[in-house]
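# Residue-level structural notes
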Amino acid sequence: MTLLTPPPPPIDAEDEEMLVPNADFVPEGPQPMEVAPVEATNAVDAPAVEETPSGRFTWAIPEFSKLNLKKQYSEVFNVGGYKWRVLIFPKGNNVDHLSMYLDVADSTTLPYNWSRYAQFSLSIVNQIHSKFTVRKDTQHQFNSRESDWGFTSFMPLSELYDPGRGYLVNDTCIVEADVAVRRVVDYWSHDSKKETGFVGLKNQGATCYMNSLLQTLYHIPYFRKAVYHMPTTEIDNPSASIPLALQSLFYKLQYCETSVATKELTKSFGWDTYDSFMQHDVQELNRVLCEKLEDKMKGTVVEGTIQKLFEGHHMNYLECINVDYKSARKESYYDLQLDVKGCKDIYASFDKYVEVERLEGDNKYHAEQYGLQDARKGVLFIDFPPVLQLQLKRFEYDFVRDTMVKINDRYEFPLELDLDRENGKYLSPDADKSVRNLYTLHSVLVHSGGVHGGHYYAYIRPTLSDKWFKFDDERVTKEDMKRALEEQYGGEEELPQTNPGFNNSPFKFTKYSNAYMLVYIRESDKEKIICNVDEKDIAEHLRIRLKKEQEEKELKKKEKAEAHLYTIIKVARDADLVEQIGKEIYFDLVDHDKVRNFRIQKQLSFNTFKEEVAKEFGIPVQLQRFWLWAKRQNHTYRPNRPLTPQEEAQSVGQLREVSNKANNAELKLFLEVAFGVDLRPIPPPEKIKEDILLFFKLYDPLKEELRYVGRLFVKGNSKPMENFEKLNEMAGFAPDEEIELFEEIKYDPHVMCERIDMKLSFRDSQLEDGDIICIQKSSQGQSSEECRYPTVPAFLDYVHNRQMVRFRSLEKAKEDEFSLELSKQNNYDEVVQSVARHLGLEDPSKIRLTPHNCYSQQPKPQPIKYRGAERLTDMLVHYNQISDILYYEVLDIPLPELQGLKTLKIAFHHATKDEVVIHTIRLPKQSTVGDVISDLKTKVELSHPDAELRLLEVFYHKIYKIFPLHEKIENINDQYWTLRAEEIPEEEKNLGALGRLIHVYHFMKDPAQNQVQVQNFGDPFFLAIHEGETLEEVKIRIQKKLRVSDEEFSKWKFAFLSLGRPEYLQDSDIVSSRFQKRDVYGAWEQYLGLEHTDNTPKRSYTANQNRHAYEKPVRIYN
């Protein structure tokens, strides 16, 4: 282990995956770990002390390919007085990449609320060429919830385990960790309004991108005033009206003292909770929101505001050089997308924007009557808008890597932007030269993080003075100009050395926080744009509505502050039981959250409270009797006993202390009121020790209905049969109706409802005050055809376990297809039988179910095995949540049979036709590769009947293995590797003693790398070469094999590659002399390379991503 040796300058490795804390599963949807990357990295923008302890840890891992543990920790090392260690997943954390994290080694022993902040990099050292070392760096505020942080997709396993790449030498992998520890200031006690005069916006989960945009728009006063003047009415609902929701949000930002919620606004967009946990693109949201507002403003007094503020025009022109032909087309824009890659600043980007492109050679322009002509084309600006929005292209598609990457290069932007520079080089001849296009910077929107996740915040100077403010969700802080401008240029940050004696090389980190969008305001328009906005601009109904909301909020705040002085008394009555039982609840008596509650000062007497009740319910004080509720050991709540006169003489606060020591704020009571024959209240009957108060529910098996029918005092020593008349009268039955009684005892975790013996006394049946008895007509003689649930226990059990499940076809995973009412206790067979019955399928074993991921709102990767879940509840549970969605497939064979088979997808390459057909082969798991080939021969078209086939393992465009015929298929993996079948050419069978069988791969140089590094693509193949054969002779056979045209083939170059380094060959070179005579089947590190352009179509960006990294397009639905 080496420590405190400053590291060399880093290799610029693109952070192209989410920075996440390690978890034993890879999350498939929006969770804190997916949203947090830069919530945590905000700390980098906090003031830090000068001292930055830093150090390097090196970890050599021998026999790396033989590691069979899912995860491996390094030994502990110390930096900045803290203990750290590196955590790796050698086979990936459920991805086909190496996963690597920095971990706080002593996190389990640290005190509550600990945190520490570090900038760090993790590297896999290339032991052959150090310049190819893969290094990725980031920053994080470590805490008890996120005690490790790093890269789930650090580098592809295919590259790591490729012996030719240099990351594994002698089966040893070398990991390096460079760590710099910083102390940060705690902002949570920060009062934004007091410190800055502004308030922030609350983050709903992943809405920081929206918050930064909304703050920017709000601080353009002309825009805010236009929003206020959009017509809305007092009957509008903010959750369904974008104009009203935006007005409400802006009003609160202007007048509230604390941070403002955005839920109303996102609801008005038509978004659900999942949309709020899915990070979108701020540029896309800006366009969509402005388009929506432009549409909503049509036909109003503010029509055209969006165009007036943000719309500019440019001219696309084309002119032929040798003939008199010109064309021009005027187009409008609301924002400009400027290149960052290859441009040092904004002016370089504008230079590139208007750069003249010459159309010549193969790219000549077809000019109507003149035919193909040399021409030049370009863009010039007709006018710029008063508010200029510049979107910086920090994210680009890398065609070589077939993925999106973030450009973290240094890119400068000025405080003042002069677009009339160099005699108006950006302007068209038609531009109005009287307009001075001098702009001043208003706001800088920053993205911090990588391509798959990160955090957004904004630096804004609201009045265009020299005062800058940082708007970071709920926090607003004062900032200086340097932080708003220079520190958002991107590039690299150099940390001061704490141990200069060891090494003079600087400790550098790529800055992943950089400007992403800029807003400039034209100097000549700033008085109009930065205008005064006050209450008279706000519609009266809006002021009244929002002031009422604010008053309610203040009242709640006051109530919360004074809560210790008050007791909440919740009063349940018979009317509540009638209203709720059988509709909202089935078990127990009442939902206390839905009864009338009174907020009473603790020092007031209970009799004063009774006067309040008399006013509310019209029940005279002397006719009220209150019962205390008690929580029983089985977790049910029942009225326990009436209050005594001595208790009623106490204060409300004293009574609450007596009744319930667990909850200081609430007192739950049942109000007993007796009624005479004229239905007027009368004094409650005197209760003696022998009296038991029972509550009665009535169950109708035919209607499957349960309802409350009343309460009754019975003598403890009396028997139910002695009370039949009263009970039948209560139930509405004839006096002599045969009835059955059941005591409802508990419902959690299982229903307990027992039949009452009519011949035993109530006391002998262990009944007491507050118990619940369910009445039903005698179930004798009732058949199951008449009613599904003939008894109360059967019905309550059904209610307790019933579950509506929404079923979706796995092929259409976003659409509910049908719903079934099932029981949580249904076993596997009962669930699939119900689905098969609904689908009209005779064999339920052909149904395969897949559970739902509540976070990603998508199917889980693994389906449920046959009888692999005991109950429906096991199928629906996802960590601590219960879903109501299952996905189904209808298989062509029964699932148990399918599970006994090994399914392989094999790509068959035809010998003479340019076609590849994917075949699905299903065979018993104990079958061999020979069995696979035999089966495949029956399904494919061969060039001749005696053709022999072979099975290859292809990975990242290289052949890694020819499978021997005797190998068992059970352990063959076709998830990450491509299995390819092909005919063995006759020439390979007759190689002779001096022949060679070599690997031939397509490649091109990787333009994303400064060094010579090759990128393989296309289909690799074997080629038989003979002793003394020249490259010229080999090329003829390759061209014939690949059927490439002469014109295209003439552009190809040929090279011998070993360990990734190309050595170009001449036509006269003897090819066989380059290749050693050895067991060639493992020799993928030496191959004949065909260098040419990859003309195969690229996959779209989103099609290439893991499901949980999928980024939905922004949509505003309303």
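Structural data are supplied above this passage.
The rules behind these values
- Residues numbered from 1 in each chain as written.
- Predicted model: local features only at pLDDT ≥ 70, side-chain atom pairs only at ≥ 80, totals over all residues.
- Heavy atoms only, no water.
- Helix = DSSP H or I, 4+ residues; strand = E, 2+ residues; numbered from the N terminus.
- Buried < 20%, exposed > 50% of the residue type's maximum accessible area, 1.4 Å probe, protein only.
- Contact = heavy atoms within 4.5 Å.
- Areas by Shrake-Rupley, 256 points an atom, 1.4 Å probe, with all protein chains shown as cover.
- Pairing = 2+ DSSP bridges.
- Core = buried A, V, L, I, M, F, W, Y, C linked by side-chain atoms within 4.5 Å.
- Axes fitted to C-alpha atoms, helices over the stretch in contact; angles between N-to-C directions.
- Parallel < 35°, antiparallel > 145°, perpendicular 65-115°, else oblique.
- Nonpolar A, V, L, I, M, F, W, Y, C, P; charged D, E, K, R; others polar.
- Left-handed = near helix turned anticlockwise from the far one by under 90°.
- Salt bridge = Lys/Arg side-chain N within 4 Å of Asp/Glu carboxyl O.
- Expected span 1.5 Å × (residues − 1).
- Arc of directions from axis to C-beta.
- Phe/Tyr/Trp six-rings, centres within 6.5 Å; stacked < 30°, edge-to-face > 60°.
- Lys NZ or Arg CZ within 6 Å of the ring centre and 35° of its normal.

### Some details on the overall build of the protein chain
Broken down by element type, the protein chain carries 29 helices and 58 strands. Taking all 1118 residues of the protein chain together, 53% fall into the buried category. Of the contacts made within the protein chain by residues no fewer than 6 positions apart, 69% connect residues no fewer than 24 positions apart. Accessible surface, the protein chain: about 52,700 Å² in total, of which carbon and sulfur atoms supply 48%.

### Quick notes on the pairing of strand E12 (residues 326-333)
As paired strands, strand E11 (residues 312-320) and E12 are joined by eight bridges and run antiparallel to one another. Within E12, the residue paired with Glu319 across the bridge is Lys326. Connecting the antiparallel pair E11 and E12 is a turn made up of five residues.

### Some remarks on the nonpolar core
Across soluble globular proteins, you tend to see nonpolar side chains buried next to one another. With 54 residues, the main nonpolar core has Phe223, Phe250 and Phe310 as its most contacted residues. With eight residues, helix H7 (residues 242-255) is the single largest residue contributor to this core. In this structure Phe310 touches Leu217, Ile220, Phe223, Cys290, Tyr333, Tyr334, Pro385, Val387 and Gln389, once residues within four positions along its chain are discounted. Counting 41 residues, the second-largest nonpolar core is a separate cluster that includes Leu338, Cys343, Val446 and Ala515.

### Regarding the sheet that holds strand E53 (residues 978-983)
One open sheet holds the five strands; their spatial order is E50-E49-E53-E51-E52, and the pairing between them is mixed. Taken across any chain shown, the strands that pair with only one partner, and hence form the sheet edges, are strand E50 (916-924) and strand E52 (958-962). With strand direction ignored, the average angle separating the axes of adjacent strands in the sheet is 40 degrees. Relative to the sheet, helix H26 (residues 929-937) contacts strand E49 (901-909), E50, strand E51 (949-955) and E53, its axis offset from that of E50 by approximately 125 degrees.

### With respect to the packing of helix H5 (residues 208-218) against H7
Working note: a packed helix pair is described by the angle between its axes plus the distance between those axes. Viewed as axis vectors pointing N to C, H5 and H7 meet at an angle of 75 degrees, and their least axial separation amounts to 11 Å. Viewed along their axes, H5 and H7 adopt a mutual orientation that is roughly perpendicular. Across the interface between the two elements, Leu214, Gln215, Leu217 and Tyr218 from H5 touch Leu246, Leu249, Phe250, Leu253 and Gln254 from H7. The residue inventory of the contact of H5 with H7, partitioned by class, reads seven nonpolar, two polar and no charged.

### Notes on the sheet that holds E11
Sheet strands line up and pair through hydrogen bonds in the backbone, either parallel or antiparallel. With respect to topology, four strands assemble into an open sheet ordered E12-E11-E17-E14, the strand pairing being antiparallel. The sheet is open, and its two borders are formed by E12 and strand E14 (357-359), each paired with just one other strand. When strand polarity is set aside, the average angle formed by the axes of neighbouring strands in this sheet is 25 degrees. Note: E14 against strand E17 (residues 375-383), three bridges, orientation antiparallel. Across the sheet, Glu357 pairs through a bridge with Lys377, a residue of E17.

### Overview of the packing of H7 against helix H16 (residues 540-561)
Contact geometry of H7 with H16 gives a least axis separation of 11 Å together with a crossing angle of 60 degrees. The orientation of H7 relative to H16 falls into the category oblique. Crossing of H7 over H16 shows right-handed handedness. Contact residues: Leu244, Gln247, Ser248, Tyr251 and Lys252 in H7; His541, Leu542, Arg543, Arg545, Leu546, Lys547 and Glu549 in H16. Tallied by class, the residues present in the contact of H7 with H16 amount to four nonpolar, three polar and five charged.

### Considerations on the pattern of salt bridges
Per the stated rule, a full pass over the model turns up 70 salt bridges. Between Asp420 and Arg436 there is a salt bridge, with the nearest N and O atoms lying 3.0 Å from each other. Here Asp420, found in the loop between strand E21 (416-418) and helix H13 (421-424), pairs with Arg436, found in the loop between H13 and strand E22 (438-450); they are 16 residues apart in sequence, far enough to count as distant. For Lys594, the salt bridge identified is with Glu584, shortest N-O distance 3.5 Å. With a gap of 10 residues between them, Lys594 in the loop between helix H17 (574-580) and strand E30 (596-601) and Glu584 in the loop between H17 and E30 connect regions that are remote in the sequence. Judged by relative accessible area, which is 44%, Glu584 ranks as partly exposed. Put simply, Arg56, Arg135, Glu176 and Asp178 are held in one network by salt bridges that share partners.

### Focus on the environment of Val890
In this fold, Val890 is placed in strand E48 (residues 885-890). Sequence separation between Val890 and Ser845 is 45 residues, and the spatial gap between their C-alpha atoms is 9.1 Å. If sequence neighbours within four positions are ignored, Val890 has contacts with Leu839, Leu841, Lys846 and Ile847.

### Overview of the side chain of Ser123
The topology assignment puts Ser123 in strand E7 (residues 115-124). Judged by relative accessible area, which is 3%, Ser123 ranks as buried. Residues contacting Ser123, with those up to four places away along its chain left out, are Met100, Thr133, Val134, Arg135, Phe154, Ile174, Val175 and Glu176.

### What to know about helix H18 (residues 606-617)
Taking 1.5 Å of rise per residue, the 12 residues of H18 would be expected to cover 16 Å, and the 16 Å separating its terminal C-alpha atoms lies within 8% of that figure. Among the residues making up H18, those that are buried are Phe606, Phe609, Lys610, Val613 and Phe617. On an axial view of H18, the arc spanned by its buried residues comes to 105 degrees, and they lie on one face. A positive backbone phi angle near 75 degrees is found at Gly618, which sits one or two residues after H18.

### Notes on unusual backbone geometry
The omega angle of the peptide bond from Asp748 to Pro749 is 5 degrees, so this bond is cis rather than trans. One non-glycine residue with positive phi stands out, namely Glu63, at about 50 degrees. As for its position among the elements, Glu63 is in the loop between strand E2 (54-61) and strand E3 (72-73). With phi around 55 degrees, Asn170 is a residue other than glycine that occupies positive phi space.

### Concerning the packing of aromatic side chains
Taken as a whole, this structure holds 44 aromatic pairs when the rule is applied. When the ring of Phe223 is compared with that of Phe310, the centres are 6.2 Å apart and the planes differ by 55 degrees; the resulting orientation is tilted. Taken together, the positions of Phe223 in helix H6 (residues 221-228) and Phe310 in helix H11 (residues 305-310) put the pair 87 residues apart, joining distant regions of the chain. Their ring planes at 55 degrees and their centres at 5.1 Å tell us that Phe606 and Phe609 sit as a pair that is tilted. One end of the pair, Phe606, and the other, Phe609, are both in helix H18, three residues apart, so they sit about a helical turn from each other. A single burial state applies to Phe606 and to Phe609, both of which are buried. Among the aromatic residues, those joined into a cluster by ring pairs are Tyr333, Phe350, Tyr353, Phe381, Phe384 and Tyr426. Over the ring of Tyr798 we find Arg788; its NZ or CZ atom is 5.3 Å from the centre of that ring.

Structural measurements only, silent on function.
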